[in-house]
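Read off the chains here:
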Amino acid sequence: MKSPATPARRTRQILNHLSHTMAGHEAPWRSTFLSHIQQMDTTTFTLSTLHPLDGNQFVPRARTVVFRGMWASLPDNPRNPAPLNPAVYTSDLPIITTDVRMEKVPELIGSRHEPSASPEVQSTIGGPVEAVFWMQKANSQWRFRGRAYVIGPDIESEAAAPVRAALQPWMRAVDGDQKDAWSWSRELTASFGNLSPAMRGSFRNPLPGTPLTQKPEPGLELGQEVEDVNDGLARKNFRVLVIVPEEIDQLDLTDPKRGRRWNHQAEVSGSEISWKTTELWP
């Protein structure tokens, strides 16, 4: 019997897949970033958002989250019971998964600086974020600044069209013949299936942040495992957050006598995405 993959081994499998799906005009920082991710024992990083207060004021919020890969580039996973999309796209868009009941999603909705979908819409354009990765083995730090987009169960709906339109230019087609077979909702379900049963079960936890004296709603309790990727209660709370990086700061401290630093700036012209890289004093 084949031994189960460890988290570190599974991470290497994911990153190997991502490296082999690169095509077209990929970002100049992508391959280096993924090679550094591949060296991490756990692919965690710090995600910062803006928490809205009264009077149009904001305070920072930061938490540790898990890098789940790049949007539209999910690898084949024999433990994933969900059907996968064909390998049509690749992208430079880091993703995480989250529970909609956590503060991240309300903060993204509350901190956006232009009109967007109403808070009731499940998939929406979010506000600014900063993601900071410290790669200890690579002696490198990566700082992503941009905007996060929320993908939920209504991603195929007309209400979610602005989200799809915003992300589509960042998705590079590697197999144009199968574009019609690719589905946003299937990608969302596959992202849920890529989690362990225990992690899927966490989306059936009691409402985060409420007192222990408050009785949870029926079906909500700690320690559940979910095998069904279409579990209604868990999927109601499940979201994918897609980070669109507008600017990236890359710091290399491999040589303690001569650190190196680069700024990667996204330049968007219609549906065309290009990058301007400038080396900086560290």
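Preceding this section is the structure that the text describes.
Residues numbered from 1 in each chain as written. Predicted model: local features only at pLDDT ≥ 70, side-chain atom pairs only at ≥ 80, totals over all residues. Heavy atoms only, no water.

*Asks:* Could you clarify how one ought to interpret the overall build of the protein in this entry?
*Replies:* Secondary structure assignment for the protein yields 7 helices and 10 strands. Classification of the 282 residues of the protein by burial places 45% in the buried group. Once local pairs closer than 6 in sequence are excluded, the contacts in the protein between residues at least 24 apart make up 65%. Surface exposure of the protein reaches about 14,500 Å², of which carbon and sulfur atoms provide 51%. (Helix = DSSP H or I, 4+ residues; strand = E, 2+ residues; numbered from the N terminus. Buried < 20%, exposed > 50% of the residue type's maximum accessible area, 1.4 Å probe, protein only. Contact = heavy atoms within 4.5 Å. Areas by Shrake-Rupley, 256 points an atom, 1.4 Å probe, with all protein chains shown as cover.)

*Asks:* Mind showing me how you'd approach the nonpolar core here?
*Replies:* Within soluble globular proteins, side chains that are nonpolar generally end up buried alongside one another. Counting 59 residues, the largest nonpolar core has Trp29, Phe33, Phe45, Trp71, Phe133 and Leu167 as the members making the most contacts within it. Here this core takes 7 residues from strand S8 (residues 238-252), the largest share from any one element. When residues no more than four places from it in sequence are discounted, the contact partners of phenylalanine 133 are Phe33, Ile37, Phe45, Phe67, Ser140, Gln141, Trp142 and Phe144. (Core = buried A, V, L, I, M, F, W, Y, C linked by side-chain atoms within 4.5 Å.)

*Asks:* Where do I start with the pairing of strand S5 (residues 124-135) in this structure?
*Replies:* In the case of a regular strand, side chains alternate between the two sheet surfaces. Examined bridge by bridge, strand S1 (residues 44-53) and S5 share 3 bridges and lie antiparallel to one another. Following the sheet pairing, threonine 46 is matched in S5 by valine 132. Pairing geometry for S5 and strand S6 (residues 140-151), over 10 bridges, is antiparallel. Bridge pairing in S6 places valine 132 opposite arginine 143. Between the antiparallel neighbours S5 and S6 lie 4 residues, among them asparagine 139 with a positive phi of about 50°. (Pairing = 2+ DSSP bridges.)

*Asks:* What am I meant to see in the environment of serine 140 here?
*Replies:* Inspection of the secondary structure puts serine 140 in strand S6. In this structure, the C-alpha to C-alpha distance between serine 140 and phenylalanine 33, residues 107 residues apart in sequence, is 9.4 Å. Excluding its chain neighbours within four sequence positions, the residues that come into contact with serine 140 are His36, Phe133, Trp134, Met135, Leu251 and Asp252.

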